[in-house]
Amino acid sequence: MAMIDCFLSIGDIFRMTGKFKSASENYSSAMDLTKGLKEKVTYADAMVGKGLSVRALGHWKDALSLFSKAKKIYEHEGDRQGIAFVSWAEGGGLRIKGDITGAIESFRKSFEMFSKIDQKPGEGYSLCGLGGTCRVAGLFKDSLRYYTSANWLFSGLKDTFGTAYSHCGIGNALRMMNDYKGALKHFRNA
């Protein structure tokens, strides 16, 4: 299990630093090692990591396939946090695909599930997903509302990245509403 954890951690680091091909390779190694074990949730975790990596490389079809397979495992195992996380990941994949309605639905499901299990960071990132997707849909007031809620949540958690991310989203929503002064203020905060 220690080797699997190492591959997952290395994959996470590569993914977070933008080295998506290397991340994907490490998640694949984790998947290979878990195949013979009864670590179904760990296998699903590796699939989601790989899906996020290939999504970042522009392969949204492959990502959505991995997310779907992982979701079935999480549902079978009753892993509510896994279902919430993969719903968030799926929302991003659907947004890239151009399925805005589906993306909003996935982000809402993710937000609701993270709320039920009291996972505040997950709630915040789901709100950011909703904010960005609403902006793409032309729902600028909704975008601003979601990003503002995320900003409030992340600020309370003292989550630097989430706070910066939500400030950027607020800035983009304001920019789309022709409030350039407000947008620049939030971009500077970000």
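Residues numbered from 1 in each chain as written. Predicted model: local features only at pLDDT ≥ 70, side-chain atom pairs only at ≥ 80, totals over all residues. Heavy atoms only, no water.

A. Just the overall build of the protein, in detail. Helix and strand counts for the protein come out as 10 helices and 0 strands. When the elements of the protein are put in sequence order from the N terminus, they spell out α-α-α-α-α-α-α-α-α-α. Taken over C-alpha atoms, the radius of gyration comes to 17 Å for the protein, in line with the 16 Å a tight globule of 190 residues would show. The 190 residues of the protein split such that 47% are buried. Put simply, of all contacts in the protein between residues at least 6 apart along the chain, 47% involve residues at least 24 apart. A distance of 6 Å separates the average location of the 27 positive side-chain charges in the protein from that of its 19 negative side-chain charges. (Helix = DSSP H or I, 4+ residues; strand = E, 2+ residues; numbered from the N terminus. Rg over C-alpha atoms; globule rule 2.2 N^0.38 Å. Buried < 20%, exposed > 50% of the residue type's maximum accessible area, 1.4 Å probe, protein only. Contact = heavy atoms within 4.5 Å. Lys, Arg positive; Asp, Glu negative; His and termini not counted. Charge placed at Lys NZ, Arg CZ, Asp CG, Glu CD.)

B. Structural context of the pattern of salt bridges. Overall, the coordinates contain 7 salt bridges when judged by the stated rule. In this structure, the salt-bridge partner of Lys 71 is Glu 90, at a minimum N-O distance of 2.9 Å. With Lys 71 in helix 4 (residues 60-77) and Glu 90 in helix 5 (residues 80-97), this pair connects stretches of sequence that are 19 residues apart. For the pair Lys 71 and Glu 90, one class covers both residues: buried. Put simply, Lys 120 and Glu 123 hold a salt bridge, and the shortest N to O gap is 3.5 Å. Of this pair, Lys 120 and Glu 123 both sit in helix 7 (residues 120-136), 3 residues apart, roughly one helical turn. Given a relative accessible area of 7%, Glu 123 falls into the buried group. Taken together, the shared-partner salt bridges in this structure form one network comprising Asp 118, Lys 120 and Glu 123. (Salt bridge = Lys/Arg side-chain N within 4 Å of Asp/Glu carboxyl O.)

C. Up close: the packing of helix 7 against helix 8 (residues 140-157). Interaxial distance between helix 7 and helix 8 falls to 8 Å at its minimum, and their mutual angle equals 160°. As judged from the angle between their axes, helix 7 and helix 8 are roughly antiparallel. For the element pair helix 7 and helix 8, the recorded crossing hand is left-handed. Counting all contacts with helix 7, which are made through Lys 120, Pro 121, Glu 123, Gly 124, Tyr 125, Leu 127, Cys 128, Leu 130, Gly 131, Gly 132, Cys 134 and Arg 135, the residues of helix 8 involved are Phe 140, Asp 142, Ser 143, Tyr 146, Tyr 147, Ser 149, Ala 150, Leu 153, Phe 154 and Leu 157. (Axes fitted to C-alpha atoms, helices over the stretch in contact; angles between N-to-C directions. Parallel < 35°, antiparallel > 145°, perpendicular 65-115°, else oblique. Left-handed = near helix turned anticlockwise from the far one by under 90°.)

D. Highlighting the packing of helix 6 (residues 100-116) against helix 7. Between helix 6 and helix 7, the shortest axis-to-axis distance is 8 Å and the interhelical angle comes to 160°. Between helix 6 and helix 7, the angle is such that the two are roughly antiparallel. At the point where helix 6 passes helix 7, the crossing takes the left-handed sense. For the pair helix 6 and helix 7, the contacting residues are Ile 100, Ala 103, Ile 104, Phe 107, Arg 108, Ser 110, Phe 111, Phe 114 and Ser 115 in the first and Gly 122, Glu 123, Ser 126, Leu 127, Gly 129, Leu 130, Thr 133, Cys 134 and Val 136 in the second.

E. Expanded view of the nonpolar core. Ranked by internal contacts, the top residues of the largest apolar core, which has 46 residues, are Val 48, Phe 67, Ala 70 and Tyr 74. Take this core: its biggest share by element is 7 residues, from helix 4. Beyond its immediate stretch of four places on either side in the chain, Val 48 contacts Phe 67, Ala 70, Tyr 74, Phe 85, Val 86 and Ala 89. (Core = buried A, V, L, I, M, F, W, Y, C linked by side-chain atoms within 4.5 Å.)

F. Region of the structure containing the packing of aromatic side chains. Following the criterion strictly, the structure yields 5 aromatic pairs and no others. Look at Phe 85 and Trp 88: their rings are 5.5 Å apart centre to centre, the planes differ by 25°, and that puts the pair in the stacked class. Within this pair, Phe 85 and its partner Trp 88 are both found in helix 5, separated by 3 residues, close to a single helical turn. Of the aromatic side chains, those joined through ring pairs into one cluster are Tyr 125, Phe 154, Phe 161 and Tyr 165. Here the guanidinium or amino end of Arg 55 rests over the ring plane of Trp 88, the centre of that ring lying 6.0 Å away. The ring of Tyr 146 is capped by Arg 145, whose NZ or CZ atom sits 4.6 Å from the centre of that ring. (Phe/Tyr/Trp six-rings, centres within 6.5 Å; stacked < 30°, edge-to-face > 60°. Lys NZ or Arg CZ within 6 Å of the ring centre and 35° of its normal.)

G. Region of interest: the environment of Ser 65. Residue placement: Ser 65 occurs in helix 4. Taking relative accessible area as the criterion, Ser 65 reaches 31% and is therefore assigned partly exposed. Taking the C-alpha atoms as reference points, Ser 65 and Gly 93, separated by 28 residues in sequence, lie 9.9 Å from one another.

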